[in-house]
Amino acid sequence: MINPLFVAEESMAKVDQPAPKNDDSEDVADHTATIKSQILEKIGKPPRLDRVEVCRHHNGNFRVNVWEELEPLGEFSLSKRIHIGASYYLKVSDSGEIIHSNPPLVKRKHSS
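Analysis parameters
Residues numbered from 1 in each chain as written. Predicted model: local features only at pLDDT ≥ 70, side-chain atom pairs only at ≥ 80, totals over all residues. Heavy atoms only, no water. Helix = DSSP H or I, 4+ residues; strand = E, 2+ residues; numbered from the N terminus. Contact = heavy atoms within 4.5 Å. Areas by Shrake-Rupley, 256 points an atom, 1.4 Å probe, with all protein chains shown as cover. Core = buried A, V, L, I, M, F, W, Y, C linked by side-chain atoms within 4.5 Å. Buried < 20%, exposed > 50% of the residue type's maximum accessible area, 1.4 Å probe, protein only. Salt bridge = Lys/Arg side-chain N within 4 Å of Asp/Glu carboxyl O. Expected span 1.5 Å × (residues − 1). Arc of directions from axis to C-beta.

> Would you mind going over the overall build of the chain in detail, with residue names and values included?
Helix and strand content of the chain: 2 helices and 4 strands. Ordered by position in the sequence, the α and β elements of the chain form the string α-α-β-β-β-β. Taking the contacts inside the chain whose residues are at least 6 apart along the sequence as the reference set, 44% of them involve residues at least 24 apart. Of the roughly 8600 Å² that the chain leaves accessible, carbon and sulfur atoms contribute 54%.

> So what about the nonpolar core? Which residues, and what values?
Of all hydrophobic cores here, the largest spans 14 residues; its most connected members are Ile35, Ile39, Val64, Tyr88 and Leu90. Those elements that provide at least two residues to this core are helix H2 (32-43), strand S1 (49-56), strand S2 (61-69) and strand S3 (82-92). In terms of residues, this core owes the most to one element, S3, which gives 4 residues. Each residue touching Tyr88, except ones within four places of it in the same chain, is listed here: Ile39, Ile43, Phe62, Arg63, Val64, Val66, Ser101, Asn102, Pro103, Pro104, Leu105 and Arg108.

> Go over the pattern of salt bridges, please, and point to the residues and values.
Tallied over the full model, the rule gives 2 salt bridges. Across the salt bridge formed by Glu71 and Arg48, the nearest N and O atoms sit 3.4 Å from each other. Within this pair, whereas Glu71 is found in the loop between S2 and S3, its partner Arg48 is found in the loop between H2 and S1, the two being separated by 23 residues in sequence. By relative accessible area, which is 47% here, Glu71 ends up partly exposed. For Arg51, the salt bridge is made with Asp50, and the minimal N-O distance between the two is 2.8 Å.

> How would you summarise H2 if you had to cite specific residues and measurements?
Here H2 contains 12 residues, and its C-alpha end-to-end distance of 17 Å stays within 8% of the 16 Å for a straight helix at 1.5 Å per residue. Within the sequence span of H2, burial applies to Ile35, Gln38, Ile39 and Ile43. Taken down its axis, H2 places every buried residue within 105 degrees of arc, on the same side. Turned more than 90 degrees from where H2 packs its buried face, Ala33 and Glu41 sit exposed. If you follow the buried residues of H2, they end up packed against S1, S2, S3 and strand S4 (98-102). Once H2 finishes, Gly44 follows within two positions and takes phi at roughly 90 degrees, a positive value.

> I'd like a rundown of the environment of Thr34, residues and numbers included.
Secondary-structure assignment places Thr34 in helix H2. Among the residues examined, Thr34 registers a relative accessible area of 30% and is labelled partly exposed. The spacing of Thr34 and Glu97 is 63 residues in sequence and 7.5 Å in space, taken between C-alpha atoms. Those residues in contact with Thr34 that lie beyond four places of it in its chain are Gly96 and Glu97.

In short, the description is geometric, and any link to function would need to be established separately.
Given below as structure tokens:
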């Protein structure tokens, strides 16, 4: 018969072991600030910019969403309404420079 206490201790020992290292985790530099500045430089800063969100994917690929505030409705608004004004899928070099963008990064006309 299997001792249930022994099985529980063996299971807990496995939980306490360090997680295996992921090749993508800390070995890849975080280029978030570099990418944000390049995006805003190339497309122009929207007048109602809320934030630029950079998400790292795999093999030097990033998704970038440019969030913008919408015009308030009426004279009084309790909360701000935001939406993704632009979205890009990027290939980035090891130094953080944008190599390729889909769609291409071009100056946008922003309404004031």
